[in-house]
Amino acid sequence: MDNTSIVKAAWDAFGSRDAARIAACFAPDAEWIAPPGNATAIALDGPHHLRGADRIAHFIAHEFSQLFVADVAIDFRTMAAAGDLVLVEERMRATLVNGRCYDLAYCFVFVVADGRIAQVREYMDTRSGWAQMFGDEPGRKLVA
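Predicted model only: the values in this text are computed from it and were never measured. Residue indices follow the written sequence of each chain, beginning from 1 at its first position. In view of the model being predicted, local features appear only for residues whose pLDDT reaches at least 70, and side-chain atom pairs are presented and counted only at 80 or more, with totals across whole chains, interfaces and linings using the full set of residues. Where side-chain values are given, they derive from all heavy atoms of the structure, hydrogens and water being excluded.

## Focus on the environment of alanine 81
Part 1: By the element assignment, alanine 81 lies in strand E3 (residues 68-82).
Part 2: Between the alpha carbons of alanine 81 and alanine 24 there is a distance of 21 Å; along the sequence they are 57 residues apart.
Part 3: Look past the residues within four positions of alanine 81 in its chain and what remains in contact with it is Thr4 and Val86. Secondary structure follows DSSP: runs of H or I at least 4 residues long count as helices, runs of E at least 2 residues long count as strands, and numbering of each begins at the N terminus. By definition, residues are in contact when any of their heavy atoms lie within 4.5 Å.

The structure is reproduced here in structure tokens:
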């Protein structure tokens, strides 16, 4: 399976919300790195840097759906691969747990090694994400 197919299979697994299936896509010591202080991490009172396949799978399978509660739609714009890197550009729309609408573009850099995802580097407009999630309110935990 080529690296693009590995990343596509991971996105399919993400949608299943099956933690075991998601974890199987990642190397045991995989990392998911998002910008420090991003709104999702603040709203979930969690880290911006996830370490380990099981921790990443727990976030995707359980925590993500506590914050993004309805109408989650992901539109892929670009997927390109070079060597061990797969770049994904996407737009995510959803309804947040506080009723606000969320609509943000993301870029992900996946590093694939030995048929599994070893690292994900996530980039987004953190200011826009913050404004959509919290508005003019100070950032705070949104879910229990």
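After that view of the structure, there is still more to cover.
## Things to note about the sheet that holds strand E1 (residues 26-33)
Part 1: At least two bridges found by DSSP between two strands is the condition for calling them paired. Sheet architecture is open: six strands sit in the order E2-E1-E6-E5-E4-E3, paired in mixed fashion. The open sheet terminates on both sides in strands that have one partner only, identified here as strand E2 (49-51) and E3. Averaged over neighbouring strand pairs, the angle between their axes works out to 20 degrees when direction is ignored.
Part 2: Taken together, the four bridges between E1 and strand E6 (residues 116-124) define a ladder with parallel strand orientation. Along E6, the bridge assignment pairs phenylalanine 26 with isoleucine 117.
Part 3: Between the N-to-C directions of two axes lies an angle of 0 to 180 degrees, each axis being a line fitted to C-alpha atoms and, for a helix, fitted only over the stretch in contact. Contacting E1, E2, E3 and strand E4 (85-96), helix H4 (residues 53-67) runs over the sheet at an angle of about 50 degrees to E1.

## Re the environment of lysine 141
Part 1: With respect to the helices and strands, lysine 141 occurs in the segment after helix H5 (126-134).
Part 2: Working definition: with a 1.4 Å probe on protein chains only, accessible area under 20% of the residue-type maximum means buried, over 50% means exposed, and in between means partly exposed. Since its relative accessible area comes to 44%, lysine 141 is described here as partly exposed.
Part 3: Linking lysine 141 and glutamate 89, residues 52 residues apart in sequence, is a C-alpha distance of 27 Å.
Part 4: The contact partners of lysine 141, leaving out residues within four places of it in the chain, are Ile42, Ala43, Leu44 and Asp45.

## Things to note about the UniProt feature "domain: SnoaL-like" (unreviewed entry) in the protein
Part 1: Mapped onto this numbering, the UniProt entry annotates "domain: SnoaL-like" (unreviewed entry) at residues 7-119.
Part 2: In the segment residues 7-119, helix accounts for 32% and strand for 49%; the C-alpha atoms at its two ends are 11 Å apart. UniProt positions are given in the numbering used here, feature names are shortened, and annotations may be inferred rather than shown by experiment.

## Structural notes on the pattern of salt bridges
Part 1: Within this document, salt bridges are pairs made up of a side-chain nitrogen of Lys or Arg and a carboxyl oxygen of Asp or Glu, the two lying within 4 Å of each other. Scanning the entire structure with this criterion turns up three salt bridges.
Part 2: Linking arginine 93 and aspartate 75 is a salt bridge whose minimum nitrogen-to-oxygen distance equals 2.3 Å. Separated by 18 residues along the polypeptide, arginine 93 in strand E4 and aspartate 75 in strand E3 bring together distant segments of the chain.
Part 3: Using a relative accessible area of 29% as the deciding quantity, one classes arginine 93 as partly exposed.
Part 4: Across the salt bridge formed by aspartate 103 and arginine 91, the nearest N and O atoms sit 2.5 Å from each other. With aspartate 103 in strand E5 (residues 101-113) and arginine 91 in strand E4, the pair connects residues that are 12 residues apart, well separated along the chain.
Part 5: You can call aspartate 103 partly exposed: its relative accessible area is 31%.
Part 6: Look at arginine 91 and you get partly exposed, because its relative accessible area is 25%.

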